[in-house]
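Observations on the model geometry
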There are 2 protein chains.
Amino acid sequence: MQNFDFYNPTHILFGQGRIADLNQHIPADASVLLLYGGGSIKQNGVFGQVMAALGTRRVTEFGGIEPNPSYETLMRAVALVKRERIDFLLAVGGGSVIDGTKFIAAAALFEGAEPWAILEKRGNNVRCALPFGSVLTLPATGSEMNSGAVVTRKSLQAKMAFSSRHCFPRFSVLDPATTFSLPLRQVGNGVVDAFVHVMEQYLTYPVNAPLQDRFAEGLLLTLIEQGPQVLARPQDYAVRANLMWCACMALNGLISTGVPQDWATHMLGHELTALHGIDHAQTLAIILPSMLRIRKEAKRAKLLQYAARVWGLLDGDEDSRIAAAIEYTQDFFEQMGVKTRLADYDLNATHIAPILSALESHRMVALGEKRDVTLEISRQVLELSL
Amino acid sequence: MQNFDFYNPTHILFGQGRIADLNQHIPADASVLLLYGGGSIKQNGVFGQVMAALGTRRVTEFGGIEPNPSYETLMRAVALVKRERIDFLLAVGGGSVIDGTKFIAAAALFEGAEPWAILEKRGNNVRCALPFGSVLTLPATGSEMNSGAVVTRKSLQAKMAFSSRHCFPRFSVLDPATTFSLPLRQVGNGVVDAFVHVMEQYLTYPVNAPLQDRFAEGLLLTLIEQGPQVLARPQDYAVRANLMWCACMALNGLISTGVPQDWATHMLGHELTALHGIDHAQTLAIILPSMLRIRKEAKRAKLLQYAARVWGLLDGDEDSRIAAAIEYTQDFFEQMGVKTRLADYDLNATHIAPILSALESHRMVALGEKRDVTLEISRQVLELSL
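Residues numbered from 1 in each chain as written. Chains lettered and ligands numbered in written order. Predicted model: local features only at pLDDT ≥ 70, side-chain atom pairs only at ≥ 80, totals over all residues. Heavy atoms only, no water.

What to know about empty space enclosed by the protein
The final tally for this structure, using the stated rule, is four cavities of 30 Å³ or more. Each pocket or cavity is described by its volume, and for the largest cavity that value is around 110 Å³. Residue lining of the largest cavity: Pro139, Thr179, Leu182, Val187, Gly190, Val191, Ala194, Leu223, Val230, Arg240, Leu243 and Ala247 of chain A, and that is the complete set. Secondary structure elements with two or more residues in the lining of the largest cavity: helix 5 (184-202), helix 6 (210-232) and helix 7 (237-249) of chain A. Tallied by class, residues from the lining of the largest cavity come to nine nonpolar, two polar and one charged. Space inside the second largest cavity adds up to approximately 90 Å³. As for the second largest cavity, its lining consists of Pro139, Thr179, Leu182, Val187, Gly190, Val191, Ala194, Leu223, Val230, Arg240, Leu243 and Ala247 of chain B. Elements that contribute at least two residues to the lining of the second largest cavity include exactly helix 5 (184-202), helix 6 (210-232) and helix 7 (237-250) of chain B. With four residues, the single largest contributor to the lining of the second largest cavity is helix 5 of chain B. Partitioned by chemical class, the residues of the lining of the second largest cavity number nine nonpolar, two polar and one charged. (1 Å grid on protein atoms, 1.4 Å probe; cavity = no way out; pocket = protein on both sides within 12 Å on 5 of 7 lines; lining within 4 Å. Points joined across faces, edges and corners; volume = space filled by probe spheres on them. Helix = DSSP H or I, 4+ residues; strand = E, 2+ residues; numbered from the N terminus. Nonpolar A, V, L, I, M, F, W, Y, C, P; charged D, E, K, R; others polar.)

Put into structure tokens, the structure is as follows:
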């Protein structure tokens, strides 16, 4: 096991009816900016519950945070925060709204340079942030219980990540009932997103960390078990609850303690979203199977463990077990309604060179747990994903 | 899954050489009380590392916190804190030293009544506490990453628990190398303690919480796998590291999220320690197997799951699988060097009535996940443990 730090102070309020309890976690005299996305919270009852819980606090609204939140949109919210003397942010939505809120929280107090510098320095220059909480309505990214965020700058076609210990939500309300009204496409995307988050932290090489491995495998098995159930019975609270907790645990720092991490799939996926607007989870479903096939030798030991413990593949030679495990993974993504080929999104071989150029311009030329995923390897992965 | 809160702000600094980093987590101008137990930290190099890390801070020492820390001892430390105007506590030791430090932190700022009231009210009356951190040297209780503590009042022969959200360690240093010099009896006790902590949160009844179940099973499997290795190769850092992380994860609130909890075994065990001075883990090893046998019907579904997933018991009828799983559990405790019968500790049938009286006087008359462990059931458990 490698040395590590683990720190995660986010208070989770989990379960049906818990939105009311945010009242106890926001100062009574706070001036609150309520942030949301496309406005579905105004149709499904969540907005009303949040406003009731906020009571007599002064509330300003900022809607329209888009999927893959843009720097341009978020900077408008920063201006609003300053103009209205906001002192608490409340994100109500999925990972994009929460990610955007983290950036706004940091940018509102950022001094000395344009806040884009936060992304250029990956958050290392963040010294403080406005306090904020979240009401999660889309289990997927884990943003509700971590300190990271991804922001897109449209004018540069760049999707960049940052994190800071100042950017943990003070609290996050996880009420599975808020997810009943999600389109199934978003539900499927969420399951795939959480699954790939686990894989990025698990499927590298062994470092004798058996507990972390078993936690990761527990997450994968539960996603494989519960994912199809949510499509079959969208109104089943228990299934929604299990998926919501899985997605949260998949990226809150727990399973990455003391182990190497990959994230090459995410870096390629970010470029696909930035250039072609493909949903984040869709990009992961496209890239991961090819990434595992191309990097089979470097990941052999963990691929065999994954095949055995997650998919029960114990018979046959090593290569056939590995091939089957990757095949099952890809089938699972398809089963969740997420297509796994570039061709499914109308992309072909002519689109690969611009993706590689984008990776190069973002200095994504040595990716993965051993920093050996070169542009050439990325090219092979993309070609295998056609 | 049941509704739940999860909140755990303790910063974990894990790995070899990490004691030096506590310098960054204690205010530079702090007046520190360094708390420890029997003094082994002065033989094994830990004390020197801690003092080096504390640098020029004013440090006062308080040694002699005993296993099952006593109210009487801890109140002497409270007096010292007030006299010396201490503003940061640093526990260096195992669960007893950290538990004692939590009580001192709360008692030092407790107003209006004798601090024994903290234990009488189980911590609900704690409004603030001195900040404190820990350097863990004995993986077992999980106290390094939770807000609970157990204190014994010798004059009353009472062992009482309290917890408060104000009593999380600010940080805990987990350096597995500090555990190399532990007596193997303490190592075995630690493994059993962590194992039973998991069982108290796992082996109840199903509530459709598959992720929590798999995390608990991952802990049990890892303890069963690593425990014998630590006895065979006491100088193996990787094994020490895995056990240290397991013990921490076993009782930090993670696996109890959304599920029922038992703790009847602990309540009976506490009386055995209070009356007869038996090591905490030894009491758990005595009680748990009998508790599972006596309560087999109420726990049937989870016992079958435990038999299958932890011990691989898939063949035979239900009762024989359950019997074998409990037998294997008891064998594992014995393998770790922890005896599992009252007779092994020179106790016999004449000792049962006083234990039941103690349970009654502490109002421990309706224990377990369904509050149906009456004094009569406790009597049956103790008789089966003879």
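Alright, that's what it looks like, and here's the rest.
Describing the packing of helix 5 of chain A against helix 11 (residues 318-335) of chain A
Residues and elements named next belong to chain A. The interhelical angle for the contact between helix 5 and helix 11, taken along N-to-C directions, is 155 degrees, at an axis separation of 9 Å. Compared by their axis directions, helix 5 and helix 11 come out roughly antiparallel. Of the two possible hands of crossing, helix 5 and helix 11 adopt the one that is left-handed. Two secondary-structure elements touch here, helix 5 through Val191, Val192, Phe195 and Val196 and helix 11 through Thr329, Phe332 and Phe333. For the contact of helix 5 with helix 11, a count of residues per class yields six nonpolar, one polar and no charged. (Axes fitted to C-alpha atoms, helices over the stretch in contact; angles between N-to-C directions. Parallel < 35°, antiparallel > 145°, perpendicular 65-115°, else oblique. Left-handed = near helix turned anticlockwise from the far one by under 90°. Contact = heavy atoms within 4.5 Å.)

Describing the packing of aromatic side chains
According to the stated counting rule, one finds 27 aromatic pairs over all chains in the structure shown. With centroids separated by 5.7 Å and ring planes inclined at 75 degrees, the aromatic side chains of phenylalanine 14 of chain B and tryptophan 245 of chain B adopt a geometry described as edge-to-face. Of the two residues, phenylalanine 14 of chain B is situated in strand 2 (residues 11-14) and tryptophan 245 of chain B in helix 7; the sequence distance between them amounts to 231 residues. Note on tryptophan 245 of chain B: relative accessible area 2%, which makes it buried. Here the aromatic cluster, defined as three or more aromatic residues joined through ring pairs, consists of Tyr71, Phe103, Trp116 and Phe162 of chain A. (Phe/Tyr/Trp six-rings, centres within 6.5 Å; stacked < 30°, edge-to-face > 60°. Buried < 20%, exposed > 50% of the residue type's maximum accessible area, 1.4 Å probe, protein only.)

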